[in-house]
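These are the residues of each chain, in order.
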Amino acid sequence: MRVLLQRVRTASVEAGGEQVAKIGPGLLLLVGFGEADRGDWQSKIDRAAEKLVNLRVFANDRGRLDHSVVDIHGDILAVPQFTLYGKSHKGRRPDFTDAMDPAVASPAFDAFRTALESALGKTVPAGVFGAEMQVTLVNDGPLTLQFEF
C-alpha cells in the first residue's frame, strides 16, 4: 500500500464534470494498492489510517510540526490512485502490472476510507474509484510525504 500525503489549504475532486468531494485545511491522500498487498491489506489499512491521522505535520505557534489533522480539526480527502504503482524501468510507457487488480483494490480502498473515518471521527470525502478524475489542490508548505505500508 502506497500513500502520497499532501498538506493542503483546500482540495477537491471532479469526476464526470461534477465535483464529488471537497475539503478545507487538512490532508490530501493519494492511495494505491499493489499486488503484494493482496493477502494482507486489512492489517496495513488499520496501521496506515492510525499513522496518517495522528501524523504531526501541522505547525504549532513556533512553526514546529507538532499537530496532527485531528489536533487542528482538519479534513482528509482520499483519492484512489493506482498509478502510484507505475514502473518506468524499461521503455517509455509506464507499466502498472504491480498495481492490485481493481476488483480487490476497490474494496481495499473503501476499507481504508472507513478506517480513516473511524480514526478521524468524521466523514472522509473521497474520489471515485476507477474514474477519470481531476484533483485540484492548494498545497500548504508545500509539504508532501510518501509512505509505503
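Scroll up to find the structure this text is about.
**Side note on the pairing of strand E2 (residues 18-23)**
As defined by bridge partners, strand E1 (residues 2-15) adjoins E2 across five bridges and the pair is classed as antiparallel. Following the sheet pairing, Val13 is matched in E2 by Ala21.

**Details of the packing of aromatic side chains**
Under the criterion given, the structure shown has two aromatic pairs. Ring centres 5.1 Å apart and planes at 70° place the aromatic pair Phe82 and Phe96 in the edge-to-face group. In this pair, Phe82 sits in the loop between strand E6 (75-80) and helix H2 (102-120) while Phe96 sits in the loop between E6 and H2, placing the two residues 14 residues apart along the sequence. Judged by its relative accessible area of 31%, Phe96 is partly exposed. A ring pair is formed by Phe147 and Phe149, whose centres lie 5.7 Å apart and whose planes are at 10°; its orientation type is stacked. On the basis of relative accessible area, Phe147 is assigned to the buried category, the value being 14%. Over the face of the ring belonging to Tyr85 we find Arg2, whose NZ or CZ atom lies 4.1 Å from the ring centre.

**What to know about the environment of Arg92**
Structurally, the position occupied by Arg92 is in the loop between E6 and H2. In sequence terms Arg92 and Leu5 are 87 residues apart; their C-alpha atoms lie 27 Å from each other.

**Some thoughts on the nonpolar core**
With 33 residues, the main nonpolar core has Met1, Leu29, Phe33, Ile76, Phe112 and Leu116 as its most contacted residues. Residue assignment for this core shows that the elements contributing at least two residues are E1, strand E3 (26-32), helix H1 (41-54), E6, H2 and strand E7 (133-148). Broken down by element, this core gets its largest block of residues, nine residues, from H2. In this structure, Leu29 is in contact with Val3, Leu4, Leu5, Leu52, Ile76, Leu77, Ala78, Val79, Phe112 and Leu116, ignoring residues within four places of it in sequence. Formed by 11 residues, the second largest nonpolar core is a distinct cluster that contains Val8, Ala15, Val79 and Met133.

Criteria and thresholds
- Residues numbered from 1 in each chain as written.
- Predicted model: local features only at pLDDT ≥ 70, side-chain atom pairs only at ≥ 80, totals over all residues.
- Heavy atoms only, no water.
- Pairing = 2+ DSSP bridges.
- Helix = DSSP H or I, 4+ residues; strand = E, 2+ residues; numbered from the N terminus.
- Phe/Tyr/Trp six-rings, centres within 6.5 Å; stacked < 30°, edge-to-face > 60°.
- Buried < 20%, exposed > 50% of the residue type's maximum accessible area, 1.4 Å probe, protein only.
- Lys NZ or Arg CZ within 6 Å of the ring centre and 35° of its normal.
- Core = buried A, V, L, I, M, F, W, Y, C linked by side-chain atoms within 4.5 Å.
- Contact = heavy atoms within 4.5 Å.

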